[in-house]
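Structural description and commentary
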Amino acid sequence: MASTLTRSASSSTVAEGASPHAYDVGLLIVRVALGLTVAAHGVQKLFGWFGGGGLEGTGQFFTMSGYPAGETMAAIAGLSETLGGLGLVLGLLTPLAGAAVLGTMINALAVKWGGGFFAPQGIEYELLLAAGAAGLALTGPGRIAADRFLPGLRAHRLVHGTAAVALAVVLAGVVLLIRD
């Protein structure tokens, strides 16, 4: 009886589910799209590339948004987005990369809150990036990733992702507490 249940459950899973390779390719596509998008925003803040304000212009925006030490906060956000985004692209330290992006997006959501849901004043874009980053932190990068070569992260554990998401939420909350 047990072998019948096992066989029927496994054949049902194979028939209905995607192959592991499909998951890996899907995760790679999500990681690259989300990671490059966020990294591009990070270099806008850090270097003024792609029409960004650089540290000075972005720092002024942070100061106007109520953050102390605007340029320092711009550097932290720019580094979080750049390194977190590139980490997602490579699948390197994926839970922490996702947490870096998530924490930054939580602050972006707080700044834009009250502007409705739809862009350009609304939060839909930031919410999508935050959800994608949290999802990748929780699911892991898939097998097409640099994490596969790191002994502690070779087999992604939900506990790693959960801890990273919790870290992002706590640190983003601390940053929000110092905002006017």
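This is a predicted model, so every value here is computed, not measured.

1. Focus: the packing of aromatic side chains
Following the criterion strictly, the structure yields four aromatic pairs and no others. Plain terms: the ring middles of Phe61 and Phe62 are 6.2 Å apart, the flat faces sit at 85° to each other, and that makes the pair edge-to-face. Exposure remark for Phe61: the relative accessible area of 44% places this residue in the partly exposed category. What makes Phe62 buried here is its relative accessible area of 11%.

2. Topic: the nonpolar core
Within soluble globular proteins, side chains that are nonpolar generally end up buried alongside one another. Leu34, Leu88, Val101 and Leu102 are the most contacted members of the largest nonpolar core, which has 19 residues in total. Looking at this core, the elements that each hand over two or more residues are helix H2 (20-47), helix H5 (94-112), helix H6 (124-139) and helix H7 (158-177). Apart from residues lying up to four places away in sequence, Leu102 is in contact with Ala130, Ala133, Ala134, Val165 and Ala168. In terms of nonpolar packing, the next biggest core, distinct from the first, is built from five residues, Phe62, Tyr67, Ala74 and Ala77 among them.

3. A short note on the confidence of the model for the protein
Considering every residue of the protein, the mean pLDDT works out to 90; 91% of them sit at 70 or more. Of all helices and strands in the protein, the one with the weakest mean pLDDT is helix H1 (residues 2-16) (43), whereas helix H4 (residues 70-90) scores best (98). Below a pLDDT of 50 lies the segment residues 1-15, which in the model reaches zero contacts outside its immediate sequence neighbourhood of four places, other chains included.

4. A few points about the packing of H2 against helix H3 (residues 54-64)
Contact geometry of H2 with H3 gives a least axis separation of 5 Å together with a crossing angle of 100°. On the basis of their axis angle, the class for H2 and H3 is roughly perpendicular. Mapping the contact onto sequence places Gln44, Lys45, Leu46 and Phe47 in H2 and Gly54, Leu55, Thr58 and Phe62 in H3. Considering only residue class, the contact of H2 with H3 consists of four nonpolar, three polar and one charged.

Conventions used here
Residues numbered from 1 in each chain as written. Predicted model: local features only at pLDDT ≥ 70, side-chain atom pairs only at ≥ 80, totals over all residues. Heavy atoms only, no water. Phe/Tyr/Trp six-rings, centres within 6.5 Å; stacked < 30°, edge-to-face > 60°. Buried < 20%, exposed > 50% of the residue type's maximum accessible area, 1.4 Å probe, protein only. Core = buried A, V, L, I, M, F, W, Y, C linked by side-chain atoms within 4.5 Å. Helix = DSSP H or I, 4+ residues; strand = E, 2+ residues; numbered from the N terminus. Contact = heavy atoms within 4.5 Å. pLDDT = per-residue confidence, 0-100. Axes fitted to C-alpha atoms, helices over the stretch in contact; angles between N-to-C directions. Parallel < 35°, antiparallel > 145°, perpendicular 65-115°, else oblique. Nonpolar A, V, L, I, M, F, W, Y, C, P; charged D, E, K, R; others polar.

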